Amino acid sequence: MTEIQLSNIDKHFGPVHVIREINLTVKDREFVVLLGPSGCGKTTTLRAIAGLEDIDSGDILIDGKPVQNVHASERDVAFVFQNYALYPHLTVYENMAFPLRAVRQSREEIDRTVQSVATSLGITGLLKRRPSALSGGDMQRVAIGRSLVRRPKAILLDEPIGSLDAKLRETMRVELKRLHIENGSTSIYVTHDQVEAMSLADRIVVMHEGLLQQVGTPDEVYRYPANMFVAQFVGSPVMNLADAAISEGADGVSVGLGGVNFAFPAALSGELTKAGAQQRKLKLGVRPEGVLLSHEPREGYVAVTSGIIEPLGSHDIVDLKVGDIVLRSRTKSGFVAGPGDQVWARIDPAQAHFFDTTSGISLGIRL
Ligand SMILES: Nc1ncnc2c1ncn2[C@@H]1O[C@H](COP(=O)(O)OP(=O)(O)OP(=O)(O)O)[C@@H](O)[C@H]1O
């Protein structure tokens, strides 16, 4: 049973406010991913949990016990670095045995543990090699293996597969997921790669400029982003965002984007009133899969012209000229023949998000 709690943690590096009053509870056996752009404070947060960095204020609790005054080596959490940090002069076996020798385990115990962890990582064939004879993926497996041998209370991973090539990252992602399912250790994982976060996390913690933006399951973060930052940081291609001009007439509600009016259900009126947003400046957000296309005019669809088409094999991403803005739509491959074609587009109201332009916060409207 391992729970990690961050209570109001705050940290500056000189004048830079790196972590701002962060509150977070990572539950036992949970896999939490800290996600955000470079410099948002993810690594500092992780290092603070490990005891590799002091905090200015707040509390870090492991299983309910404050650990500020507990040395890193006594916190019983393992840290996996992006650059592996293996000892170059030791074999893989010795690298993995190192943490166990440090706590004076018997030769038999060490051997049993190293062999068992090596088997679960598929690296038994590498035990006699030195790090210089390993590929990047193998080195990362060994680094993870070395962190697992001690059966730590929690594992903290700092962009552990960030330096691998795209193909290998995909393989390692699946391996990490399998390992977590098998071991179930409480894990905190740092990355700026939203695909990695979506695929690995039980919950994603999105950070920006030292502040928590949203904490939720991958599905929640993707489908119900709390603000425009999260909306555009998670998801690829990014969510369309455009100034929205709401008009209410006898024939219903419409949302003007780039000067073109899209029909919306009458319920939008009531929802905007409930959110107190009638007089505010709003932006509409819609992911490319929420911009629906038709070859013919249909009710609720407006005529638009296609621009650049990105064929991606399983689907296409089509730029649409909508008045004076561009919206991107995800369509079946070949649905739009070429740039300059006329098609008809509609915004799926169920996939539309409304944000306050000034604060960036989602109004939480679900149609
Ligand atoms: N030892 C340090 N001294 C001074 N400033 C630091 C130090 N470590 C980090 N910073 C600064 O703190 C901020 C947050 O850094 P941090 O490494 O936590 O961000 P990050 O989100 O993990 O980014 P990255 O993905 O690039 O590692 C950055 O502005 C960084 O330059």
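Residues numbered from 1 in each chain as written. Predicted model: local features only at pLDDT ≥ 70, side-chain atom pairs only at ≥ 80, totals over all residues.

## What about the site of the ligand?
Close to the ligand lie Phe-13, Val-16, Val-18, Gly-36, Ser-38, Gly-39, Cys-40, Gly-41, Lys-42, Thr-43, Thr-44 and His-192. Listed by contribution, the elements that provide at least two residues to the shell around the ligand are strand 2 (16–26) and helix 1 (42–50). The element that contributes the greatest number of residues to the shell around the ligand is helix 1, accounting for 3 residues. Considered class by class, the residues forming the shell around the ligand number 4 nonpolar, 7 polar and 1 charged. (Near = placed C-beta within 6 Å. Helix = DSSP H or I, 4+ residues; strand = E, 2+ residues; numbered from the N terminus. Nonpolar A, V, L, I, M, F, W, Y, C, P; charged D, E, K, R; others polar.)

## Focus on the pairing of strand 3 (residues 31–35)
Burial of strand 3 is extensive: 5 of the 5 residues sit out of reach of the surface. Neither face of strand 3 is open: one carries Phe-31, Val-33 and Leu-35, the other Val-32 and Leu-34, and all of them are buried. The sheet contact formed by strand 3 and strand 8 (residues 186–191) spans 5 bridges and is parallel. Following the sheet pairing, Val-32 is matched in strand 8 by Ile-188. As paired strands, strand 3 and strand 9 (residues 203–208) are joined by 4 bridges and run parallel to one another. Within strand 9, the position partnered with Val-33 by the bridge is Ile-204. (Buried ≥ 20, exposed ≤ 12 C-beta atoms within 10 Å, placed from the backbone. Pairing = 2+ DSSP bridges.)

## A few points about the UniProt feature "domain: ABC transporter" (unreviewed entry) in the protein
Following the UniProt record, one finds the feature "domain: ABC transporter" (unreviewed entry) at residues 4–234. Between the first and last C-alpha atoms of residues 4–234 the distance is 25 Å; the span itself is 37% helix and 26% strand. (UniProt positions renumbered as here; feature names shortened; annotations may be inferred.)

## With respect to the nonpolar core
Val-33, Met-96, Leu-156, Ile-188, Val-205 and Val-206 are the most contacted members of the largest nonpolar core, which has 96 residues in total. Counting the residues that make up this core, at least three belong to each of domain 1 (4–227) and domain 2 (240–356). When neighbours within four sequence positions are excluded, Val-33 is seen to be in contact with Tyr-189, Thr-191, Ala-197, Leu-200, Ala-201, Ile-204 and Val-205. (Core = buried A, V, L, I, M, F, W, Y, C linked by C-beta atoms within 7 Å. Domains from an automatic or database assignment. Contact = placed C-beta atoms within 7 Å.)

## Topic: the domain arrangement of the protein
As assigned here, the protein comprises domain 1 (4–227) and domain 2 (240–356). Here the C-alpha centroids of domain 1 and domain 2 sit 40 Å apart.

## A few points about the sheet that holds strand 6 (residues 77–80)
Judged by pairing direction, the sheet is mixed, and its 6 strands sit side by side in the order 6-7-8-3-9-10 without closing on themselves. Looking at strand neighbours, the two that pair on one side only are strand 6 and strand 10 (211–216), the edges of this open sheet. Each strand axis lies, on average, 15° off the axis of its neighbour in the sheet, ignoring direction. (Axes fitted to C-alpha atoms, helices over the stretch in contact; angles between N-to-C directions.)

## Looking at helix 3 (residues 107–121)
The α-helix winds at 3.6 residues per turn, so residues separated by three or four positions along the chain end up facing the same way. Given a rise of 1.5 Å per residue, 15 residues ought to cover 21 Å, and the 21 Å separating the end C-alpha atoms of helix 3 matches this to within 8%. Among all positions of helix 3, only Ile-110, Thr-113, Val-114, Val-117, Ala-118 and Leu-121 are buried. All buried residues of helix 3 project into a common sector of 125° when viewed along the axis, lining one side. Exposed side chains of helix 3 directed beyond 90 degrees from the buried face belong to Glu-108, Arg-112 and Thr-119. (Expected span 1.5 Å × (residues − 1). Arc of directions from axis to C-beta.)

## Description of the sheet that holds strand 12 (residues 252–257)
One open sheet accounts for 5 strands, arranged 13-12-11-14-20; its pairing is antiparallel. Each of the sheet's edge strands pairs with one partner strand only, and the pair in question is strand 13 (260–264) and strand 20 (352–356). Recorded for the sheet is a direction-independent mean angle of 40° between the axes of neighbouring strands. Across 5 bridges, the pairing between strand 12 and strand 13 is antiparallel. Within strand 13, the residue paired with Val-253 across the bridge is Phe-264.

## Some details on the packing of helix 3 against helix 4 (residues 136–148)
Where helix 3 contacts helix 4, the two axes come as close as 10 Å, and the packing angle between them is 140°. Taken together, the axes of helix 3 and helix 4 lie oblique to each other. Classified by chirality, the crossing of helix 4 by helix 3 is right-handed. Touching Val-117, Ala-118 and Leu-121 of helix 3 are Arg-141, Ile-144, Gly-145 and Leu-148, all from helix 4. Of the residues in the contact of helix 3 with helix 4, the class split is 5 nonpolar, 1 polar and 1 charged. (Parallel < 35°, antiparallel > 145°, perpendicular 65-115°, else oblique. Left-handed = near helix turned anticlockwise from the far one by under 90°.)

## Here's the deal with the packing of helix 4 against helix 5 (residues 166–183)
Close contact between helix 4 and helix 5 brings their axes to 11 Å; oriented N to C, the two are set at 20°. Taken as axis vectors, helix 4 and helix 5 run roughly parallel relative to one another. The way helix 4 lies across helix 5 gives a crossing that is right-handed. Here helix 4 contributes Gly-136, Gly-137, Gln-140 and Leu-148 to the contact with helix 5, which in turn contributes Leu-168, Met-172 and Asn-183.

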